[in-house]
Amino acid sequence: MAKVLEVLNLSKSFGGVQAVNDVVFDLTEGQLLAMIGPNGAGKSTCFNLINGQLRPDRGTIRILGKETTGMRPRHVWALGVGRTFQVTSTFPSMTVLENVQMVLLSTHRRLRNVLRKTAGMYREEAMNLLELVGVESQWNRPCGILAYGDLKRVELAIALANRPKLLLMDEPTAGMGTKERLKLMELTAQIVRDQSIGVLFTEHDMDVVFAHADRIIVLNYGKLIAEGAPREVRENEKVREIYFGTCAVPTRGTAGSKRR
Ligand code: ADP
Ligand code: MG
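Here the residue numbers are simple positions, counted from 1 along each chain's written sequence. Lettering of chains starts at A and numbering of ligands starts at 1, both following the order in which they are written. This being a predicted model, a pLDDT of at least 70 is required before a residue's local features are given, and a value of 80 or more before pairs of side-chain atoms are given or counted; all residues contribute to the totals for chains, interfaces and linings. To obtain the side-chain values, all non-hydrogen atoms of the structure were included, while hydrogens and water were left out.

1. Considering the site of ligand 1
Thinking step 1. Nearness is judged by heavy atoms alone; a residue qualifies as near a molecule or strand once a single heavy atom is within 4 Å of it. Residues in close proximity to ligand 1 include F14, V17, A19, P38, N39, G40, A41, G42, K43, S44 and T45, which together make up its full environment.
Thinking step 2. Method for areas: the Shrake-Rupley scheme with a 1.4 Å probe, in which residue coverage is limited to the protein chains shown. Within the complex, 57% of the 560 Å² of free accessible area of ligand 1 lies under protein.
Thinking step 3. Under the DSSP-based scheme used, a helix requires at least four consecutive residues in state H or I and a strand at least two consecutive residues in state E, with every element numbered from the N terminus. Secondary-structure elements contributing two or more residues to the shell around ligand 1 are β2 (17-28) and α1 (43-50).
Thinking step 4. Here the shell around ligand 1 takes three residues from α1, the largest share from any one element.

So this is what it looks like as structure tokens:
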């Protein structure tokens, strides 16, 4: 199985805070890797180092076998990396100017004119993506009035439109109810396995993590303290210590749903 992501001795500090400290892991195609850890453990910093938004102090990042350490976000994206955000507010593949122009076209009520001219372009492909994530019946509605869970599905379709080999999902189900979370992750798992995409995701809901991750890595104070299959990680002493008293690590068979 090909490696879609390799992270070697990755470190990043902010002033005196060692946000990411000598972290090593990799991810193969078709695999769902969950990164968990308490708030402030360094998860988002890791994501931003991988997607190019931050430069590491030390370490190497390889995506699809190509070194990307220090590369800009749009170049990382062009390699075939999809991202979903907690809140999507800009189109990552468009320039700063194009993003603002897009809004101005909309403000001056010209966006429809422009889009009308391009209405037939990639339409079938776009509809196929909407169908894949289960929102094809809503294709004609403005995003602003969609239910939150459906909006998350649209975001997934947008990420998949880049035909990624690596998908980075920082809290993809944030703000959703437990049932919806499980459903969305189930759908994601199915799609990424079908398309052999490697996924790195963070998630607070341990039910979702233990139900869908193939492997789990655990960060604490920027350090990787555990790694393995869900069962191994669940039984790891250090992990239990971190989550002790929170019931966040469910025992086998009784997936406790209390969250931090
Ligand atoms: P997580 O996503 O696991 O909650 P973060 O990666 O956001 O953790 O943060 C890790 C640590 O780095 C925290 O102590 C946080 O306060 C600090 N940190 C993150 N981003 C910055 C920043 N841009 N400037 C200063 N400190 C930061
Ligand atoms: Mg975070």
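Okay, back to it.
2. What about the sheet that holds strand β8 (residues 198-202)?
Thinking step 1. Only strands that DSSP links by at least two bridges are regarded as paired with each other. Read from one edge to the other, the open sheet built from six strands follows the order β6-β7-β8-β3-β9-β10, with strand pairing classed as mixed. Looking at which strands have only one partner, the edges of the open sheet turn out to be β6 (81-84) and β10 (223-228). On average, each strand axis in the sheet is inclined to that of its neighbour by 15 degrees, with strand direction left out of account.
Thinking step 2. Of the pairings in the sheet, the one linking β6 to strand β7 (residues 166-170) comprises four bridges and is parallel in character. When the sheet's bridge partners are listed, G82 is paired in β7 with L167.
Thinking step 3. Across the sheet, helix α6 (residues 148-161) touches β6 and β7, and the angle it forms with β6 is around 165 degrees. Only the contacting stretch of a helix is used when fitting its axis, a line to C-alpha atoms as for every element, and angles between N-to-C directions run 0 to 180 degrees. Should any heavy atoms of two residues lie within 4.5 Å, those residues are considered in contact.

3. Considering the packing of helix α5 (residues 123-133) against α6
Thinking step 1. In contact at an axis separation of 9 Å, α5 and α6 are set at 130 degrees when each is read in the N-to-C sense. In terms of axis orientation, α5 runs oblique to α6. As for how α5 packs across α6, the hand of that crossing is right-handed. Residue-level inspection shows L129, L130, L132 and V133 of α5 in contact with α6, the latter providing R153, L156, A157, L160 and A161. Roughly parallel covers angles under 35 degrees, roughly antiparallel covers those over 145, roughly perpendicular covers 65 to 115, and oblique covers all other angles. Crossing handedness follows the turn of the near helix against the far one: under a right angle anticlockwise gives a left-handed crossing, and clockwise gives a right-handed one.

4. Concerning the confidence of the model for the protein chain
Thinking step 1. In the predicted model, the protein chain carries a mean pLDDT of 87, and the fraction of residues at 70 or more is 91%.
Thinking step 2. Every residue is assigned a pLDDT by the predictor, reflecting its confidence on a scale from 0 to 100. Low pLDDT, under 50, characterises residues 251-260; the stretch is placed with 21 contacts to residues that sit more than four places away or in other chains.

5. Some details on the nonpolar core
Thinking step 1. Only buried residues count toward a nonpolar core. Its members are Ala, Val, Leu, Ile, Met, Phe, Trp, Tyr and Cys residues joined through side-chain atoms within 4.5 Å. Only protein chains enter the accessibility calculation, which uses a 1.4 Å probe; a residue is then buried when its area is under 20% of its type maximum, exposed when over 50%, and partly exposed in between. Grouped together as the largest cluster of nonpolar side chains are 38 residues, with contacts concentrated most on L156 and I216.
Thinking step 2. Excluding anything up to four places from it in sequence, I216 contacts L33, A34, I36, V209, F210, A226, E227, G228, P230 and V233.
Thinking step 3. With 24 residues, the next largest nonpolar core counts V23, F25, L27 and L219 among its residues.

6. Considering unusual backbone geometry
Thinking step 1. The backbone phi angle of R109 is positive, close to 55 degrees, even though this residue is not glycine.
Thinking step 2. Here R109 lies in the loop between α3 (96-107) and α4 (111-117).
Thinking step 3. Overall, R109 belongs to the exposed group, its relative accessible area being 72%.
Thinking step 4. Phi angles above zero are rare outside glycine, and E171 is one such case at about 50 degrees.
Thinking step 5. When you line up the elements, E171 lands in the loop between β7 and α7 (178-194).

7. Some details on the packing of aromatic side chains
Thinking step 1. Any Phe, Tyr or Trp ring, taking Trp's six-membered ring, that has another such ring centre within 6.5 Å forms a pair; planes under 30 degrees apart are called stacked, those over 60 apart edge-to-face, and the others tilted. Following the criterion strictly, the structure yields zero aromatic pairs and no others.
Thinking step 2. Counting as a charge over the ring demands two things of the Lys NZ or Arg CZ atom: a distance within 6 Å of the ring centre and an angle within 35 degrees of the ring normal. The lysine or arginine in question, R123, covers the ring of W139, its NZ or CZ lying 4.8 Å from the ring centre.

8. Observations concerning the packing of α6 against α7
Thinking step 1. Here α6 crosses α7 at 20 degrees, and the two axes come no closer than 11 Å. It follows that α6 is roughly parallel to α7 by the angle criterion. When you trace α6 past α7, the crossing you get is right-handed. For the pair α6 and α7, contact is made by G149, K152, R153, L156 and L160 and by E180, K183, L184, L187, T188 and I191, respectively.
Thinking step 2. Three classes are used: nonpolar for Ala, Val, Leu, Ile, Met, Phe, Trp, Tyr, Cys and Pro, charged for Asp, Glu, Lys and Arg, and polar for all others, with Gly counted as polar. Taken together, the residues of the contact of α6 with α7 break down into five nonpolar, two polar and four charged.

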